[in-house]
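Understanding the architecture of this molecule
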Amino acid sequence: MQAKITVTETWLRKHRHLYDGATRHPFIRSIRDGNIDISAFKTWLGQDYIFVRAFVPFVASVLTKAYKGSDDGNGDVEVILGGVAALHDEISWFKKEAFKWGVQLSSIAPQKANQEYCRFLESLISPEVEYTVTAVAFWAIETIYQESFAHCLEDDSKTPPELKETCQRWGNESFGEYCNSLRNIVDRQLEKASDDVITKAEATLLRVLEHEVDFWNMSHRRT
Ligand SMILES: Cc1ncc(CO)c(N)n1
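Since we're looking at a predicted model, the values are computed, not measured. (Residues numbered from 1 in each chain as written. Predicted model: local features only at pLDDT ≥ 70, side-chain atom pairs only at ≥ 80, totals over all residues. Heavy atoms only, no water.)

**Some thoughts on the UniProt feature "active site" (unreviewed entry) in the protein**
The feature "active site" (unreviewed entry), as given by UniProt, occupies Glu212 in the numbering adopted here. Inspection of the secondary structure assignment puts Glu212 in helix 10 (residues 195–220). Excluding anything up to four places from it in sequence, Glu212 contacts Ala22, Tyr117, Ile141, Ile144 and Tyr145. (UniProt positions renumbered as here; feature names shortened; annotations may be inferred. Helix = DSSP H or I, 4+ residues; strand = E, 2+ residues; numbered from the N terminus. Contact = heavy atoms within 4.5 Å.)

Now the structure itself:
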C-alpha cells in the first residue's frame, strides 16, 4: 500500500519553484560555492540576530496555542519547547559570532525586509490566528534554514571553513529531525482542519517563503 500524501507534501510540490527560491537563494549558493562576500555575510548575521529576537515571542505564542489546543496527547508542547530552548542558545551564539566578525550588534538597525518580516511574525501572535496556521509558519521558517544551510554542507560544497560552524548550526542532522517533528505536527493538525484554516495556512506558507527570499536578498544585495 502506498503511503498517503500529506498536505505539506502537496504544498511543497505545488509551490516547488518558490520553495527552491527560498532554499537555493544566490546568497546560499555563494556560501556553498565559496565566493561569498564577507560583508554580505556580516549583514546577514546582524540582521538575523534582530530577526531571532523577534522570533522568540512568536515561538512562545505557538507554544501557548499548542497548550491551549488541549488535545495535546502528541507532545506538540515539548517539541516546541525544545525550539524555545534552542533559541536561547542561538542568541548566545549570535553574540559570540558577531564578536568574532567585529559586528557591533547594538548599533544595527533592522532593514526594511527584516522589519516587514518581524511585523508579519507579530501579526501571527494574535490570539485570533489559529494554532494550525502559526504552526505552519513555524515549520516553514525553521525548515527553510535547515535546507538552505544543509545544502552548504554537502560533500561537493566549497563552503569556506570559517562559515562551516554557521552552516552546522541549522544544517545539522538533529535540527533536521526537529524540523521533521514540526512537519508531523503540522500535518496532523491539517488532517483535521477546516477548509478555511487550510486555505489560510497555505497562504501563510507562501508569505513565509516570500519573506525568506526578501530576507536573503537584503543580505545579498548590499545597499
Ligand atoms: C530569517 C530567518 N529565517 C529562519 C530562521 C531559522 O530560525 C532564522 N534564524 N532567520
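**A closer look at the site of the ligand**
With respect to spatial proximity, the complete set of residues near the ligand consists of Asp48, Phe51, Val52, Phe55, Glu90, Tyr117, Ile141, Glu142, Tyr145, Trp170, Glu212 and Phe215. The side chain of Tyr145 places a nitrogen or oxygen atom 3.2 Å from a nitrogen atom of the ligand. Separating a nitrogen atom of the ligand from a side-chain N or O atom of Glu212 is a distance of 2.7 Å. Taking 290 Å² as the accessible area of the ligand by itself, protein coverage stands at 100%. It is helix 4 (residues 38–68) that contributes the most residues to the shell around the ligand, 4 residues altogether. Here the residues of the shell around the ligand sort into 8 nonpolar, no polar and 4 charged. (Near = heavy atom within 4 Å. Polar contact = N/O pair within 3.5 Å; in protein donor to acceptor, adjacent residues only side chain to side chain. Areas by Shrake-Rupley, 256 points an atom, 1.4 Å probe, with all protein chains shown as cover. Nonpolar A, V, L, I, M, F, W, Y, C, P; charged D, E, K, R; others polar.)

**Thoughts on the side chain of Glu90**
Relative to the helices and strands, Glu90 is located in helix 5 (residues 76–101). For the buried Glu90, no salt bridge exists, and the shortest N-O distance to an oppositely charged side chain is 4.2 Å, to Arg169. Those residues in contact with Glu90 that sit more than four places away from it in its chain are Val52, Arg169 and Trp170. (Buried < 20%, exposed > 50% of the residue type's maximum accessible area, 1.4 Å probe, protein only. Lys, Arg positive; Asp, Glu negative; His and termini not counted. Salt bridge = Lys/Arg side-chain N within 4 Å of Asp/Glu carboxyl O.)

**Things to note about the nonpolar core**
Ile31, Trp44, Phe51, Phe55, Phe58, Phe138 and Phe149 are the most contacted members of the largest nonpolar core, which has 71 residues in total. Ranked by residue count, the leading element in this core is helix 4, at 13 residues. When near neighbours in sequence (up to four residues on either side) are disregarded, Phe138 contacts Phe55, Phe58, Val59, Val62, Ile80, Tyr178 and Leu182. (Core = buried A, V, L, I, M, F, W, Y, C linked by side-chain atoms within 4.5 Å.)

**Things to note about the packing of aromatic side chains**
Counting across every chain of the model gives 26 aromatic pairs. Here the aromatic rings of Phe51 and Tyr117 are separated by 4.7 Å at their centres, their planes lie at 40°, and the arrangement is tilted. Taken together, the residues Phe51 in helix 4 and Tyr117 in helix 6 (residues 112–125) connect sequence positions 66 residues apart. As far as burial versus exposure is concerned, Phe51 and Tyr117 are alike and both buried. With centroids separated by 5.1 Å and ring planes inclined at 75°, the aromatic side chains of Trp93 and Phe94 adopt a geometry described as edge-to-face. (Phe/Tyr/Trp six-rings, centres within 6.5 Å; stacked < 30°, edge-to-face > 60°.)

**Topic: helix 7 (residues 131–151)**
Helix length check: helix 7 (21 residues) gives 30 Å between terminal C-alpha atoms against 30 Å at 1.5 Å per residue, within 8%. The buried count for helix 7 comes to 19 of 21 residues, which makes it a mostly enclosed element. (Expected span 1.5 Å × (residues − 1).)

**Observations regarding helix 1 (residues 7–14)**
Looking at helix 1, one finds that the buried residues are Val7, Thr8, Trp11 and Leu12. One face of helix 1 carries all of its buried residues, which in axial projection span an arc of 130°. Looking at helix 1, the residues exposed on the side facing more than 90 degrees away from the buried face are Arg13 and Lys14. Of the surrounding elements, those touching the buried residues of helix 1 are helix 2 (16–23), helix 7, helix 9 (173–191) and helix 10. (Arc of directions from axis to C-beta.)

**Section: the state of the cysteines**
Taken as a whole, this structure holds 0 disulfides when the rule is applied. Here Cys152 stays unpaired: no disulfide links it, and the sulfur of Cys167, its closest cysteine neighbor, is 4.3 Å away. For Cys152, a relative accessible area of 0% puts it in the buried group. (Disulfide = S-S within 2.5 Å.)

**Let's talk about the environment of Asn74**
One can find Asn74 in the loop between helix 4 and helix 5. Placed 110 residues apart in sequence, Asn74 and Asn184 show a C-alpha to C-alpha distance of 10 Å.

**Describing the side chain of Gln146**
Tracing the chain through its elements places Gln146 in helix 7. For Gln146, a relative accessible area of 12% puts it in the buried group. Sequence-distant contacts of Gln146, defined by excluding residues within four places in its chain, comprise Trp170, Gly171, Asn172, Phe175, Gly176 and Cys179.

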